[in-house]
Amino acid sequence: MKFFLSIFFPVIGILSCARHSTVTSLELSHQYLANVTADSVTNLLLRPYKLKHDSEMTEVIVYSEEALLKGQPEGNLGNFVSDCLLERAASEFREKNITIDAVLLNNGGLRVSLPKGEITKGKLFELMPFDNEMMIVEISGKKFYEMLCFIAAKGGMPVAGFRMEINTKKKPVNVTVNGNVLDTNATYHVVSSDYLINGGDNITFFSDGKKYATSLFIRDILISYCRKLTASGKTLDVKTDGRISFSK
């Protein structure tokens, strides 16, 4: 491994103990250290952990029929992650008699695409490298409509549970939630990441909602979903389905 070390040598003129110091010149030098020998003791100590880590990250957990890519107004990568969260949240909150209506995520939180073919555990760590928790927030129908306006202004975001069109004025139209027309007097439960629900990406429509923590990392939910698919002899086959589209 190679290192670059920058060392600064300021020459300070000190007139007296009672006066302020003044920099009169600044010299910058670079020392190049090459062919550094690795510390054998440290390597020996870390080797078991590295082997275990490498073994876990190279585990193939699912086979994908297509490459999963981000897109707008929708992409199959966003659909995959959103649908996973919708399914898991519905399962987690069924006993509490809470119906999960929608999922909202952001494309920026999806760090890489997923390839066609074998997908490893490490690849899902690359997709979701941060420990973002799945959270649920309860909001009014009016706040839900604000969320739709935000999505429309962005030109589309990863979502699940509802369908909408974006008109030429970048406004949401023809909205249905769980197959029903949006009711601004109703209450809705939306799944998202703790980052977005707590105001990330300048999101304000979640701020007054009742929040439910799950203590489940989004990444772990994806890994669990993929393993279940493989265990049942299925592959990952995700398509775009027009859940968000532009009005014609």
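Residues numbered from 1 in each chain as written. Predicted model: local features only at pLDDT ≥ 70, side-chain atom pairs only at ≥ 80, totals over all residues. Heavy atoms only, no water.

Peer 1: How do you make sense of the packing of helix α2 (residues 76–93) against helix α6 (residues 218–231) when you look at a structure like this?
Peer 2: Between two packed helices, the angle of one axis relative to the other and the distance separating the axes together describe the packing. Running from N to C, α2 and α6 cross one another at 90 degrees; their axes reach a closest spacing of 10 Å. By the angle class used here, α2 and α6 are roughly perpendicular. Here F80, V81, C84, L85, E87 and R88 of α2 come into contact with α6, specifically with I218, I221, L222, S224, Y225 and C226. (Axes fitted to C-alpha atoms, helices over the stretch in contact; angles between N-to-C directions. Helix = DSSP H or I, 4+ residues; strand = E, 2+ residues; numbered from the N terminus. Parallel < 35°, antiparallel > 145°, perpendicular 65-115°, else oblique. Contact = heavy atoms within 4.5 Å.)

Peer 1: Is there a simple way to think about the layout of surface pockets in this case?
Peer 2: To locate leftover empty space, one rolls a probe as large as a water molecule over the atoms. Here the largest pocket is characterised by a volume of approximately 170 Å³. A breakdown of the residues in the lining of the largest pocket according to their chemical character gives seven nonpolar, five polar and two charged. (1 Å grid on protein atoms, 1.4 Å probe; cavity = no way out; pocket = protein on both sides within 12 Å on 5 of 7 lines; lining within 4 Å. Points joined across faces, edges and corners; volume = space filled by probe spheres on them. Nonpolar A, V, L, I, M, F, W, Y, C, P; charged D, E, K, R; others polar.)

Peer 1: Looking at this structure, how should I read the nonpolar core?
Peer 2: One broad trend across soluble globular proteins is that nonpolar side chains are buried collectively. In this structure, F80, L127 and M134 are the most contacted members of the largest nonpolar core, which totals 34 residues. Breaking this core down by element, the ones donating at least two residues are β3 (60–64), α2, α3 (121–127), β6 (133–140), β12 (210–217) and α6. In terms of residue count, α2 provides more of this core than any other element does, seven residues in total. Setting aside its immediate chain neighbours within four residues, M134 contacts L85, R88, A89, V191, S192, T214, L216, I218 and I221. (Core = buried A, V, L, I, M, F, W, Y, C linked by side-chain atoms within 4.5 Å. Buried < 20%, exposed > 50% of the residue type's maximum accessible area, 1.4 Å probe, protein only.)

Peer 1: It is not clear to me how the pattern of salt bridges should be interpreted in this structure. Could you clarify?
Peer 2: Opposite charge on two side chains permits pairing when their charged atoms draw close. Counting across every chain of the model gives nine salt bridges. Among the charged side chains, a network of salt bridges with common partners joins E74, D83, D241 and R243. (Salt bridge = Lys/Arg side-chain N within 4 Å of Asp/Glu carboxyl O.)

Peer 1: What am I meant to see in the side chain of N107 here?
Peer 2: Tracing the sequence through the fold places N107 in the loop between β4 (102–104) and β5 (117–120). Other than its neighbours up to four places away in sequence, N107 contacts K70, G71, Q72, G156 and P158.

Peer 1: Just to check I follow, could you spell out the sheet that holds strand β11 (residues 187–193) for this structure?
Peer 2: Strand-to-strand pairing in sheets goes through backbone hydrogen bonds, with the strands running parallel or antiparallel. In space, the five strands of this open sheet follow the order β7-β4-β11-β6-β12, with mixed pairing throughout. On the outer flanks of this sheet lie β7 (159–160) and β12, each paired with one strand and no other. Against the sheet, α6 engages β6, β11 and β12, with an angle of about 55 degrees to β12. (Pairing = 2+ DSSP bridges.)

Peer 1: Help me out: how do you make sense of empty space enclosed by the protein in this one?
Peer 2: Scanning the entire structure with this criterion turns up one cavity of 30 Å³ or more. Considering only enclosed or pocket space, the largest cavity measures out at about 30 Å³ in volume. Lining the largest cavity are G71, P73, E74, G75, G78, N79, N107, M157, P158 and V159.

Peer 1: Looking at this structure, how should I read unusual backbone geometry?
Peer 2: Among all residues except glycine, the phi angle is most often negative; among peptide bonds, the trans geometry is most common. With omega at 5 degrees, the peptide bond leading from Q72 into P73 counts as cis. Its location among the elements puts P73 in the loop between β3 and α2. Of note in this structure, N174 is not a glycine but carries a positive phi near 50 degrees. In this fold, N174 is placed in strand β9 (residues 172–177).

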